Amino acid sequence: MNGLVSTGEECMSPHPDVTKFDLLNVPSAYFADQYRHFAALRECSPIHCNSGGTFIVARCDHCAAAYRDPVTWSSGKRADFARKFGNAATLYEQHSTSVVFTVAPNHTRIRKLFRRALTRRALAAFEPRIANFVDTCLDHLEATGEMDMVEEISFKLPIEVVRDLLGGPGCDRDMIRGRTLAILTALEPMLTAEQHADGNRAVIEFKQYLRDLIRRRRSFPDEASPTEVLTVRADAVADGVRLTELELLHQCIFMLNAGHESSTKALSHGVHEMLRSHGEVRRLAENQGSVDTIVDEVLRYQAPNQNNNRRSTKDTEIGGLPMPAGTTVHVIVSAANRDPRQFPDPDRLDMARAANRRLSFGPGVCNCAGISLARMEAAIALRKPFGRFPELQLMAPPEIATRLRFREIRHLHIAVN
């Protein structure tokens with residue numbers, strides 16, 4: 001059933017008509033105007049009947065409630081993935097095994113093993129390497145006068161970091177990008193036969209790539225750097241249980257995917273919003289300590305991950321509306337992040353915004369395990385370009401990809417004034 005769920009409120013704002021809005025069949029104007037659609041859902045239909053008996057949840061308090069109760073609202077989606085991919089497909093194997101889509105106790109055990117690889121001490125070793133990488137890119141910008149920020153920094157930096165974590169050679173960067181894009185495209189609501197085949201093939205190739213890395217590291221352990229986690233995680237134990245080979249391979253694939261997807265988009269949006277807000281560039285130059293606040297606000301304003309799904313494990317409710325066991329809700333992060341009930345003047349980018357409780361990386365026990373690494377990358381990649389070139393200019397409007405799950409800038413051309 002499509003349509004509105006009655007909330008007892010009338011919509012008085014000049015928003016798009018969302019009476020028949022369907023996340024699986026969005027109107028042609030959606031991508032150019034998605035925040036107005038989110039506002040309409042938030043105000044007129046905050047718990048919205050979508051196709052197939054699912055619900056769209058658009059208000060911050062409702063979204064946060066689903067996120068913060070992983071027992072009632074599970075991120076495990078084995079049944080959904082089996083229907084979508086077929087339970088013999090490698091895409092099913094990958095997404096149903098990844099920590100982000102597993103539930104306790106396996107989620108807790110796997111998460112423990114990989115959080116140990118991302119301690120403060122481990123992350124501190126990456127900071128000078130991230131800074132050196134950005135400096136090298138900026139040297140190229142100074143020499144040429146212009147660059148595509150997405151291609152030269154936003155994409156390459158997160159891949160470099162995750163590749164270093166796994167110990168892969170630098171020449172594998174483009175291979176990793178192509179495989180991650182194929183696997184993550186499979187998470188879009190609608191999938192073509194070609195995309196399905198590309199995703200399955202990418203998982204198979206990634207698994208072999210990782211097996212080869214493990215075999216080489218065990219044959220030549222002296223080649224490993226202190227920051228690599230692949231062979232360490234292969235032999236690590238949590239709660240008395242070691243990762244199976246499939247668990248290890250798929251968590252590493254997930255690290256490659258997540259490191260590329262969320263961080264790349266956060267970096268691109270951050271630079272773009274700074275270019276649009278020259279006063280904030282001055283604020284950053286005058287107060288280097290403000291960069292964390294700026295990163296938080298960019299993540300609120302342009303969430304890299306637009307929506308997530310949760311399924312109820314028992315009869316429950318959201319916003320007073322009964323939700324039977326097995327109900328799927330689409331948690332619209334970007335709608336929640338601009339909810340005026342939580343954020344004053346939410347459609348204004350405010351780099352000094354305090355108490356920024358944005359949902360971009362997910363609250364609660366299932367929040368993004370790599371958030372500290374992503375924040376470090378974003379802080380350095382924002383501070384250094386504008387510290388060195390305070391008059392950076394945007395050469396053309398950014399190209400926004402037409403993707404439902406991820407808010408992606410395809411190209412961002414910048415130039416030195």
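In this text the structure is predicted, and so the values were computed from the model without any measurement.

Caption draft 1: Summary view of the overall build of the protein chain. Scanning the protein chain from terminus to terminus reveals 16 helices and 14 strands. Here the protein chain holds 417 residues, and the buried ones make up 55% of them. Taking contacts inside the protein chain between residues at least 6 apart in sequence as the whole, the part at least 24 apart equals 72%. As displayed, the protein chain offers around 18,100 Å² of accessible surface, 52% of which is attributable to carbon and sulfur atoms.

Caption draft 2: The confidence of the model for the protein chain, seen in detail. In this model, the protein chain carries an average pLDDT of 80, and 82% of its residues clear a pLDDT of 70 or more. Taken together, the stretch residues 1-13 has pLDDT below 50 and engages in 27 contacts with residues farther than four places along the chain or on a different chain. Taken together, the stretch residues 363-367 has pLDDT below 50 and engages in eleven contacts with residues farther than four places along the chain or on a different chain.

Caption draft 3: Looking closely at the state of the cysteines. Summed over the entire model, instances satisfying the criterion amount to zero disulfides. Just so you know, Cys60 is unpaired, no disulfide at all, and the nearest cysteine sulfur is the one on Cys63, 6.9 Å from it.

Caption draft 4: Focus on the nonpolar core. Core analysis: the largest hydrophobic core is formed by 75 residues, its most contacted members being Leu157, Leu210 and Ile414. With eleven residues, helix H12 (residues 245-276) is the single largest residue contributor to this core. Among the nonpolar cores identified, the runner-up in size contains 19 residues, and Ile47, Phe55, Ala66 and Leu359 belong to it.

Caption draft 5: Main features of unusual backbone geometry. For Asp345, which is not a glycine, the phi torsion comes out positive at approximately 50 degrees. Looking at the element boundaries, Asp345 is found in the loop between helix H15 (333-336) and helix H16 (371-388).

Caption draft 6: Region of the structure containing the sheet that holds strand E2 (residues 55-57). Across the sheet, five strands lie side by side as E1-E2-E10-E7-E3; this open sheet has mixed pairing. In this open sheet, the two edge strands, each paired with only one partner strand, are strand E1 (47-49) and strand E3 (73-74). Bridge count for E1 against E2 is three bridges, and the pairing is antiparallel. Note that in E2 the partner of Ile47 across the bridge is Val57. Taken strand by strand, helix H2 (residues 60-68) contacts E1, E2, E3, strand E7 (307-312) and strand E10 (328-332), and its axis lies near 120 degrees from that of E10.

Caption draft 7: Examining the packing of aromatic side chains more closely. Taken as a whole and assessed by the stated rule, the structure comprises six aromatic pairs. Both rings, one in Tyr30 and one in Phe31, keep their centres 5.2 Å apart while their planes meet at 80 degrees; by these two values the pair is edge-to-face. For the pair Tyr30 and Phe38, a centre-to-centre distance of 6.0 Å together with 75 degrees between the ring planes defines the contact as edge-to-face. Accessibility classification places Tyr30 together with Phe38 in one group, the buried group. Put simply, the rings of Phe21, Tyr30, Phe31, Tyr35 and Phe38 pair up and form one aromatic cluster. Lying across the ring of Phe155, Arg177 places its NZ or CZ 4.1 Å from the centre. The aromatic ring of Tyr301 is capped on one face by Arg338, whose charged end is 4.0 Å from the ring centroid.

Caption draft 8: Broad picture of the packing of helix H3 (residues 78-85) against helix H4 (residues 90-97). Closest axis-to-axis distance for the H3/H4 pair is 9 Å, and the angle between their directions is 165 degrees. Relative to H4, H3 is oriented roughly antiparallel. Considering how the two elements wind past one another, H3 and H4 form a crossing that is right-handed. Here H3 contributes Arg78, Phe81, Ala82 and Phe85 to the contact with H4, which in turn contributes Leu91, Tyr92, His95 and Ser96.

Caption draft 9: Representation of the pairing of E10 within the structure. Burial of E10 is extensive: five of the five residues sit out of reach of the surface. Of the two faces of E10, the one lined by Thr328, His330 and Ile332 and the one lined by Val329 and Val331 are each fully buried. The sheet contact formed by E2 and E10 spans three bridges and is parallel. For Ile56, the partnering residue across the bridge sits in E10 and is His330. Where E7 and E10 come together, five bridges link them in antiparallel fashion. Counted as the bridge partner of Asn308 is Val331 from E10.

Caption draft 10: Main features of the environment of Arg217. The residue Arg217 is located in helix H10 (residues 193-219) in this model. Separated by 50 residues in sequence, Arg217 and Gly167 have C-alpha atoms that sit 8.5 Å apart.

Caption draft 11: The environment of His140, seen in detail. Along the chain, His140 turns up in helix H6 (residues 120-144). On the basis of relative accessibility, which here comes to 38%, the residue His140 falls in the partly exposed class. Spatially, the C-alpha atom of His140 lies 9.4 Å from that of Glu152, the residues being twelve residues apart in sequence.

Caption draft 12: Molecular detail of the pattern of salt bridges. The final tally for this structure, using the stated rule, is 23 salt bridges. Of the charged contacts, one joins Asp33 and Arg36 as a salt bridge, the two residues approaching to 2.8 Å between their closest N and O atoms. Overall, Arg36 belongs to the partly exposed group, its relative accessible area being 36%. Among the ionic pairs, Arg410 bridges to Glu408, the shortest N-O distance being 3.5 Å. Through salt bridges with shared partners, a single network forms among Arg42, Glu43, Asp339 and Arg341.

Caption draft 13: Looking closely at the sheet that holds strand E4 (residues 146-148). The three strands are arranged E4-E14-E11 in an open sheet whose pairing can be described as antiparallel. Two strands lie at the open edges of the sheet, namely E4 and strand E11 (393-394), each paired on one side alone. As paired elements, E4 and strand E14 (residues 413-415) share three bridges and run antiparallel to each other. Pairing of Asp148 across the sheet is with His413, part of E14.

Reading guide: rules and limits
Residues numbered from 1 in each chain as written. Predicted model: local features only at pLDDT ≥ 70, side-chain atom pairs only at ≥ 80, totals over all residues. Heavy atoms only, no water. Helix = DSSP H or I, 4+ residues; strand = E, 2+ residues; numbered from the N terminus. Buried < 20%, exposed > 50% of the residue type's maximum accessible area, 1.4 Å probe, protein only. Contact = heavy atoms within 4.5 Å. Areas by Shrake-Rupley, 256 points an atom, 1.4 Å probe, with all protein chains shown as cover. pLDDT = per-residue confidence, 0-100. Disulfide = S-S within 2.5 Å. Core = buried A, V, L, I, M, F, W, Y, C linked by side-chain atoms within 4.5 Å. Pairing = 2+ DSSP bridges. Axes fitted to C-alpha atoms, helices over the stretch in contact; angles between N-to-C directions. Phe/Tyr/Trp six-rings, centres within 6.5 Å; stacked < 30°, edge-to-face > 60°. Lys NZ or Arg CZ within 6 Å of the ring centre and 35° of its normal. Parallel < 35°, antiparallel > 145°, perpendicular 65-115°, else oblique. Left-handed = near helix turned anticlockwise from the far one by under 90°. Salt bridge = Lys/Arg side-chain N within 4 Å of Asp/Glu carboxyl O.

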